[in-house]
Amino acid sequence: MTKTTPDALPITVRNVTKTYGPVYALDDVSLDVESGEFLTLLGPSGSGKTTLLMVLAGFTRPDQGSLKFGDAEMIRKPPHLRDVGMVFQNYALFPHMTVAGNVGYPLRLRGVSKTDMADRVERALDTVQLGGFGDRRIDQLSGGQKQRVALARSIVFEPRILLMDEPLSALDKKLRDRMQIELRHLHEKLGMTTVYVTHDQREALTMSDRIAVVNHGRIMQLATPELLYDQPENKFVADFIGDSSFIRVTREGDSLVAAGTTLKTNRPVPDAAKLALMLRPERVHLMDGPREGDTNLFDARVTDLVYQGESYLLYAALEDGTEVAVRGAIRAGTYGNLPKPGETVNLALDAADTVIIADEEG
Ligand code: ADP
Ligand code: MG
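Every value quoted in this text rests on a predicted model; they were computed, and no experiment measured them.

A.B. asks: Is there a simple way to think about the environment of T193 in this case?
C.D. replies: Turning to its location among the elements, T193 is positioned in strand β8 (residues 193–198). Looking at T193, the relative accessible area reads 0%, which means it is buried. C-alpha separation for the pair T193 and L163, spaced 30 residues apart in sequence, amounts to 8.6 Å. With near-sequence residues (within four places) excluded, T193 lies in contact with A8, L9, I11, V33, E34, S35, G36, E37, R160, I161 and L162.

A.B. asks: Can you walk me through the sheet that holds β8 in this structure?
C.D. replies: Strands belonging to one sheet form pairs held by backbone hydrogen bonds; the direction of such a pair is parallel or antiparallel. Strand order across the open sheet formed by 6 strands is β6-β7-β8-β3-β9-β10, with mixed pairing between neighbours. Pairing within the sheet leaves two strands with one partner each, and these edge strands are β6 (84–87) and β10 (218–223). Each strand axis lies, on average, 15 degrees off the axis of its neighbour in the sheet, ignoring direction. For strand β7 (residues 161–165) and β8, the ladder comprises 5 bridges, and the chain directions are parallel. Considered in β8, the bridge of L162 is made with T194.

A.B. asks: Would you mind going over the site of ligand 1 with me for this structure?
C.D. replies: The immediate surroundings of ligand 1 are formed by Y20, V23, A25, P44, S45, G46, S47, G48, K49, T50 and T51. With respect to ligand 1, the backbone of S47 contributes an N or O atom lying 3.1 Å from an oxygen atom. T51 has a polar side-chain atom sitting 2.5 Å from an oxygen atom of ligand 1. For ligand 1, the protein covers 58% of the area, taking 560 Å² as the surface of the free molecule. Of all the secondary structure elements, the ones that give two or more residues to the shell around ligand 1 are β2 (23–33) and α1 (49–57). With 3 residues, the top contributor of residues to the shell around ligand 1 is α1. When its residues are assigned to classes, the shell around ligand 1 shows 4 nonpolar, 6 polar and 1 charged.

A.B. asks: Hey, could you run me through the nonpolar core in this one?
C.D. replies: Nonpolar side chains tend toward joint burial in soluble globular proteins. In terms of nonpolar packing, the biggest core is built from 36 residues, with V103 and V149 touching the most fellow members. Of all the secondary structure elements, the ones that give two or more residues to this core are α2 (99–109), α3 (114–127), α4 (143–155), β7 and α5 (173–190). Counting residues in hydrophobic clusters, the runner-up holds 29 residues, among them A259, L277, L305 and Y312.

A.B. asks: Could you clarify how one ought to interpret the domain arrangement of the protein in this entry?
C.D. replies: Much of the literature gives interface size as the accessible area that the parts lose upon coming together. On domain assignment, one finds that the protein holds domain 1 (11–235) and domain 2 (243–358). Inter-centroid distance (C-alpha atoms) of domain 1 to domain 2 is 39 Å. With 7 residues of domain 1 in contact, the opposing surface of domain 2 contributes 11 residues. For the domain 1 and domain 2 pair, buried surface summed over both sides reaches about 840 Å², with 45% attributable to carbon and sulfur atoms. If you sort the residues of domain 1 by the area they bury against domain 2, Y229, Q231 and K235 come out on top, with a joint share of 63%. Residue R283 is joined to D230 by a salt bridge in which the shortest nitrogen-to-oxygen separation is 3.1 Å.

A.B. asks: Which parts of the structure should I look at to understand unusual backbone geometry?
C.D. replies: Peptide bonds are, in most cases, trans, and in most cases residues other than glycine have a negative phi. Although it is not a glycine, N15 adopts a positive phi angle of roughly 50 degrees. You can see N15 is positioned in strand β1 (residues 11–20). Relative accessible area serves as the criterion here: at 40%, N15 is assigned to the partly exposed category.

A.B. asks: Hey, could you run me through the packing of α2 against α3 in this one?
C.D. replies: Helix-helix packing is described using two parameters, namely the angle between the two axes and the distance between the axes. Where α2 contacts α3, the axes come no closer than 9 Å and their chain directions differ by 120 degrees. Viewed along their axes, α2 and α3 adopt a mutual orientation that is oblique. Handedness of the α2/α3 crossing: right-handed. Residue-level inspection shows V99, A100, V103, G104, L107 and R108 of α2 in contact with α3, the latter providing M117, R120, V121, A124 and L125.

A.B. asks: Looking at this model, I keep getting lost on the sheet that holds strand β17 (residues 311–318). Mind explaining?
C.D. replies: With antiparallel pairing, 5 strands are arranged side by side in an open sheet as β15-β19-β16-β17-β18. The open sheet has two edge strands, β15 (285–286) and β18 (323–329), and neither has a second partner. Pairing of strand β16 (residues 295–307) with β17, which is carried by 7 bridges, proceeds in the antiparallel orientation. Of the residues in β17, the one forming a bridge with Y307 is Y312.

A.B. asks: Explanation requested: a negative patch on the surface in the structure shown.
C.D. replies: A surface patch of negative charge is lined by D116, D119, E122 and D126. With respect to the element layout, D126 can be found in helix α3.

A.B. asks: I would appreciate a short explanation of α2 in the present structure.
C.D. replies: Turn by turn, an α-helix covers 3.6 residues, leaving residues three or four places apart pointing in a common direction. Every buried residue of α2 is listed here: V99, G101, N102, V103, G104, P106 and L107. Looking at the packing, one finds that the buried side of α2 touches α3 and α4. Immediately downstream of α2, the backbone of G111 shows phi near 70 degrees, a positive value.

A.B. asks: Where do I start with the environment of R110 in this structure?
C.D. replies: Mapped onto the secondary structure, R110 falls in the loop between α2 and α3. For R110, a relative accessible area of 36% gives the class partly exposed. Considering only alpha carbons, one finds R110 and H80, 30 residues apart in sequence, at a separation of 8.7 Å. At 3.1 Å, the side chain of R110 and the backbone oxygen of P106 are in polar contact.

Criteria and cut-off values
- Residues numbered from 1 in each chain as written.
- Chains lettered and ligands numbered in written order.
- Predicted model: local features only at pLDDT ≥ 70, side-chain atom pairs only at ≥ 80, totals over all residues.
- Heavy atoms only, no water.
- Helix = DSSP H or I, 4+ residues; strand = E, 2+ residues; numbered from the N terminus.
- Buried < 20%, exposed > 50% of the residue type's maximum accessible area, 1.4 Å probe, protein only.
- Contact = heavy atoms within 4.5 Å.
- Pairing = 2+ DSSP bridges.
- Axes fitted to C-alpha atoms, helices over the stretch in contact; angles between N-to-C directions.
- Near = heavy atom within 4 Å.
- Polar contact = N/O pair within 3.5 Å; in protein donor to acceptor, adjacent residues only side chain to side chain.
- Areas by Shrake-Rupley, 256 points an atom, 1.4 Å probe, with all protein chains shown as cover.
- Nonpolar A, V, L, I, M, F, W, Y, C, P; charged D, E, K, R; others polar.
- Core = buried A, V, L, I, M, F, W, Y, C linked by side-chain atoms within 4.5 Å.
- Domains from an automatic or database assignment.
- Buried area = accessible area lost by both parts, 1.4 Å probe.
- Salt bridge = Lys/Arg side-chain N within 4 Å of Asp/Glu carboxyl O.
- Parallel < 35°, antiparallel > 145°, perpendicular 65-115°, else oblique.
- Left-handed = near helix turned anticlockwise from the far one by under 90°.
- Patch = residues over 30% accessible without salt bridge, like charges linked within 9 Å, V, L, I, M, F, W, Y side chains within 5 Å.
- Lys, Arg positive; Asp, Glu negative; His and termini not counted.
- Charge placed at Lys NZ, Arg CZ, Asp CG, Glu CD.

Structure (structure tokens):
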């Protein structure tokens, strides 16, 4: 199918606040979504993701702030005049209608003629790989198929902006993994500016051009998946994305010291009163050869060793008591050679992986 969507639009959110009684669901949020971008709002339950999506869609009016699609101010526009496709968490399909009835619904609202409608419904169903399913009843479909119907309904009127609120959360893991890739391909094909909501960090990393990490109604960091993972700006982001242990870092003269080791790093050091060293399990390794150039070494005692099939997870306590996790690949027959609980080990962290962050939450 050729790309049929008109030019995508950028979204500009400025100083949007929404309260419910004493709760700041959105607390002075500003955000730019680029034209044609796939941007994900990632955050724990209750952080304000759905509220922000509802503000974009026009179902929630913020207390203050402005919202533009392209150059047009949107805050006072009702949802059906915003040219926005929306996929809800629970799909919100009409169970008594056929697949075609559901997918055609937005076209009927917009007064599209019957023949034109049939065409466009079939094309939308093709796009989500449900060609020929138009006459099926909704209750004859699997979870994954329902999800595709909801998606077809959201794109059938060729909106310039697509909003999706945890659209895969009801699917089992295998199907979810596949749908993540499919949605990504669909986005590449259709090119709509897309705002996607999830609480699943791996899903966000898999799908997004950029991710806005949300907590307590505020954006904690907005960056590409790689930057968020590699150089988080605060402890909340470092903790929420990926696994990590943190060690207190103290300044001693011009040096930075953590758990008795003077740190070598070639990363930027934040200008904050309190600092922490972030240790990702797969970036720490067991030192088993001669020491190489720019490596930080930590003495530790193994507390646990866990077999996980493709990899092991080893927990070790540093001399300041902090527990650190180390993940490594298991090659055939090597698991038995790993250090056992009680043994002492040397943990190594390359200067390039020595990420120091501000030890305060935002
Ligand atoms: P998320 O989608 O990230 O889980 P929400 O945007 O749904 O979070 O909610 C953010 C906060 O606003 C939560 O504390 C939630 O309880 C509150 N909230 C959301 N909608 C309403 C509402 N209609 N009435 C009262 N409180 C609400
Ligand atoms: Mg939500």
